[in-house]
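If you want the building blocks of each chain, they are given just below.
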Amino acid sequence: QDAVDALALGDPADRRGFATKHYVFVSSDAVHWAQKVPVTGGRVAEQDLQNFEYDEFEEHLEYCRRTSVGEHQLRYGGNKLGCEHVLEEARQAEGLQYTVLRFADMYGPFDNLGAFWSLVSAVEAARPIPARLAGGRARGRSEPISAETR
């Protein structure tokens, strides 16, 4: 309830409403690192995702630690998912209207696929900025952008 109160204006006992009429939260597809995703061979619906039990989470954390970015993605995605849960609690308790945008593979200096550095390199070299990434996707800062991405 503290998080819901933080989104609101005024004293919770004398609620005037939320500071915004509609909250837009920029989340990430990394939330799926923090959830059990069924292996179906087809599309997975939001309601198919489940939270880990404690012992399952510990096992999943060990699995994620096998990659260079897995633990980061798990914690980052878990934090984003926690924020989404707070917004849903605010909607249920107080009627907060919100939208969650789960972007995939955002550009930034800490992206885990190397896309940001490809973008920086293209700008520095005055090359066309890629509209999409080629297969393989993980490139270092000094690696050139492939012809397929131009």
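These numbers were taken from a predicted model, which means no experiment stands behind them.

Draft legend 1. Focus on a nonpolar patch on the surface. A cluster of nonpolar side chains, contributed by Val 24, Val 26, Leu 101 and Phe 103, occupies part of the molecular surface with about 300 Å² of accessible area. Secondary-structure elements contributing two or more residues to the nonpolar patch are β1 (22-28) and β2 (97-103).

Draft legend 2. Inspection of the confidence of the model for the chain at higher detail. Per-residue confidence for the chain gives a mean pLDDT of 75; residues scoring 70 or more make up 66%. Every residue in residues 137-150 is under pLDDT 50, and counting partners more than four places away or in other chains gives 27 contacts.

Draft legend 3. The arrangement of the pattern of salt bridges in detail. A complete count under the given rule lists 7 salt bridges for this structure. With its nearest N and O atoms 2.9 Å apart, the salt bridge here joins Glu 71 to Arg 75. Of the two residues, Glu 71 and Arg 75 both sit in helix α3 (residues 70-94), 4 residues apart, roughly one turn of that helix. Classification of Glu 71 by relative accessible area gives partly exposed; the value is 26%.

Draft legend 4. How the structure looks around the nonpolar core. Counting residues in hydrophobic clusters, the biggest one holds 6 residues: Val 31, Ala 34, Leu 61, Cys 64, Leu 74 and Leu 81. Listing elements by their share of this core, those giving two or more residues are α2 (54-64) and α3. With residues near it in sequence (within four places) discarded, Cys 64 still touches Trp 33, Gly 70, Glu 71 and Leu 74.

Draft legend 5. Looking closely at the environment of Leu 74. Among the secondary structure elements, Leu 74 is positioned in helix α3. C-alpha separation for the pair Leu 74 and His 32, spaced 42 residues apart in sequence, amounts to 8.2 Å. Leu 74 has contacts with Trp 33, Ala 34, Phe 57, His 60, Leu 61 and Cys 64, leaving out every residue within four places of it along the chain.

Draft legend 6. Inspection of α2 at higher detail. Every buried residue of α2 is listed here: His 60, Leu 61 and Cys 64. Along the axis of α2, the buried residues cluster in a sector spanning 105 degrees; they form a single face. Facing away from the buried side of α2 by more than 90 degrees, the exposed set consists of Asp 55, Glu 59 and Tyr 63. For α2, the elements touching its buried residues are α3.

Draft legend 7. Quick look at α3. In this model α3 runs 35 Å from its N-terminal to its C-terminal C-alpha over 25 residues, within 8% of the 36 Å that 1.5 Å per residue would give. Taken as a whole, α3 has its buried residues at Gly 70, Gln 73, Leu 74, Gly 77, Lys 80, Leu 81, Glu 84, Leu 87 and Ala 90. The positive-phi residue at the C-terminal boundary of α3 is Gly 95, with phi of around 80 degrees.

Draft legend 8. Seen up close, the packing of aromatic side chains. All told, the structure shown has 1 aromatic pair when counted by the stated rule. The interplanar angle of 70 degrees and the centroid separation of 6.4 Å between the aromatic rings of Phe 52 and Phe 57 together place this pair among those described as edge-to-face.

Draft legend 9. Geometry of the side chain of Glu 84. In this structure, Glu 84 sits in helix α3. Glu 84 gets classed as buried once you look at its relative accessible area, which sits at 9%. For Glu 84, the side chain forms a polar contact with the side chain of Ser 27, separated by 2.5 Å. Residues contacting Glu 84, with those up to four places away along its chain left out, are Phe 25, Ser 27, Val 31, Tyr 98, Val 100 and Arg 102.

What counts and what doesn't
Residues numbered from 1 in each chain as written. Predicted model: local features only at pLDDT ≥ 70, side-chain atom pairs only at ≥ 80, totals over all residues. Heavy atoms only, no water. Patch = residues over 30% accessible without salt bridge, like charges linked within 9 Å, V, L, I, M, F, W, Y side chains within 5 Å. Areas by Shrake-Rupley, 256 points an atom, 1.4 Å probe, with all protein chains shown as cover. Salt bridge = Lys/Arg side-chain N within 4 Å of Asp/Glu carboxyl O. Helix = DSSP H or I, 4+ residues; strand = E, 2+ residues; numbered from the N terminus. pLDDT = per-residue confidence, 0-100. Contact = heavy atoms within 4.5 Å. Buried < 20%, exposed > 50% of the residue type's maximum accessible area, 1.4 Å probe, protein only. Core = buried A, V, L, I, M, F, W, Y, C linked by side-chain atoms within 4.5 Å. Arc of directions from axis to C-beta. Expected span 1.5 Å × (residues − 1). Phe/Tyr/Trp six-rings, centres within 6.5 Å; stacked < 30°, edge-to-face > 60°. Polar contact = N/O pair within 3.5 Å; in protein donor to acceptor, adjacent residues only side chain to side chain.

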